[in-house]
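Structural overview for review
What follows is the residue order along each chain.
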Amino acid sequence: MESIVLFGPPGAGKGTQAQRIMDSTGLPQVSTGDMLRAAVSAGTPTGIEAKKYMDAGQLVPDEVIIALIKDRIQEADAVNGVMFDGFPRTIPQAEALSGITEVSHVIAIEVPDGKIVERICGRYTCADCGAVFHDSFNPTTVEGKCDSCGSGQFKRRADDNADTVMSRLNAYHEQTSPLADWYRLKGIFHVIDGDREIDHITEDILSALK
Ligand code: AMP
């Protein structure tokens, strides 16, 4: 079982690219952010605990995240590995992951800090299939209609606002970016310029995975 890690700051396009490369890799997307948002909506104890950190743009404690991943990796679709999106985000999470599954590639999508706020503040997702769009950079082809599934229902994340983005960016620089060296030393770290056309980024990711 070999997994892929999609690494990068909030708003780098990890979720967008995960959806695009799912078919080629055959690996399911495992987004800790999506799992936490589902827990918040369902009002589970994990969701209630996580919400206060998410609203403040801070990382949810490692033990909560590691427990979620340990459960998720037991599911049938994870038998050949998964594509992690937004995990690991700290050294303790990466250490825990190394005891759970083999990581074959870490794809680091780089976007300058100055571009992150505008990228995050305009994004929205299809409420039915989860396809990701952006008001300016990647709008739906037909207004109000999802390109992937045709739904007319969209949602925006509560934490996609200018105040929370700065905290999320700080958490990334302080707690997550040290992981780059951890994975670079293992020789599995691929840097992809994420400040380009979405299709070009997908092509580069697929080449890095060959
Ligand atoms: P994301 O959807 O990946 O941007 O995550 C949204 C929020 O969920 C983050 O700002 C954190 O509060 C929390 N979160 C998601 N993944 C993790 C993780 N691996 N470790 C800690 N907190 C996380």
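Please refer to the structure higher up on the page.
Throughout what follows, the structure given in this document is the object of discussion. (Residues numbered from 1 in each chain as written. Predicted model: local features only at pLDDT ≥ 70, side-chain atom pairs only at ≥ 80, totals over all residues. Heavy atoms only, no water.)

Right, let's get into the overall build of the protein chain. A count of helical and extended segments in the protein chain gives nine helices and eight strands. Computed over C-alpha atoms, the radius of gyration of the protein chain comes to 16 Å, within 12% of the 17 Å expected from 2.2 N^0.38 for 210 residues, which places it in the range of a compact globule. In terms of overall dimensions, the protein chain has C-alpha extents of about 45 × 40 × 35 Å along its principal axes. Taking all 210 residues of the protein chain together, 46% fall into the buried category. Within the protein chain, counting contacts between residues at least 6 apart in sequence, those at least 24 apart form 70% of the total. Averaging the coordinates of the 20 positive side-chain charges in the protein chain and doing the same for the 31 negative ones gives two points 2 Å apart. (Helix = DSSP H or I, 4+ residues; strand = E, 2+ residues; numbered from the N terminus. Rg over C-alpha atoms; globule rule 2.2 N^0.38 Å. Buried < 20%, exposed > 50% of the residue type's maximum accessible area, 1.4 Å probe, protein only. Contact = heavy atoms within 4.5 Å. Lys, Arg positive; Asp, Glu negative; His and termini not counted. Charge placed at Lys NZ, Arg CZ, Asp CG, Glu CD.)

In the neighbourhood of the ligand, 16 residues make up the surrounding shell, with Thr32, Arg37, Gln58, Arg89 and Gln93 lying closest. At a separation of 2.8 Å, a nitrogen atom of the ligand approaches a polar side-chain atom of Thr32. Val60 is positioned such that a nitrogen or oxygen atom in its backbone is 3.0 Å from a nitrogen atom of the ligand. Burial of the ligand by the surrounding chains reaches 96%, relative to a free accessible area of 470 Å². Examining the composition of the shell around the ligand, we find that four residues originate from one element, helix 2 (residues 32–42), more than from any other. For the shell around the ligand, the per-class residue count stands at six nonpolar, five polar and five charged. (Near = heavy atom within 4 Å. Polar contact = N/O pair within 3.5 Å; in protein donor to acceptor, adjacent residues only side chain to side chain. Areas by Shrake-Rupley, 256 points an atom, 1.4 Å probe, with all protein chains shown as cover. Nonpolar A, V, L, I, M, F, W, Y, C, P; charged D, E, K, R; others polar.)

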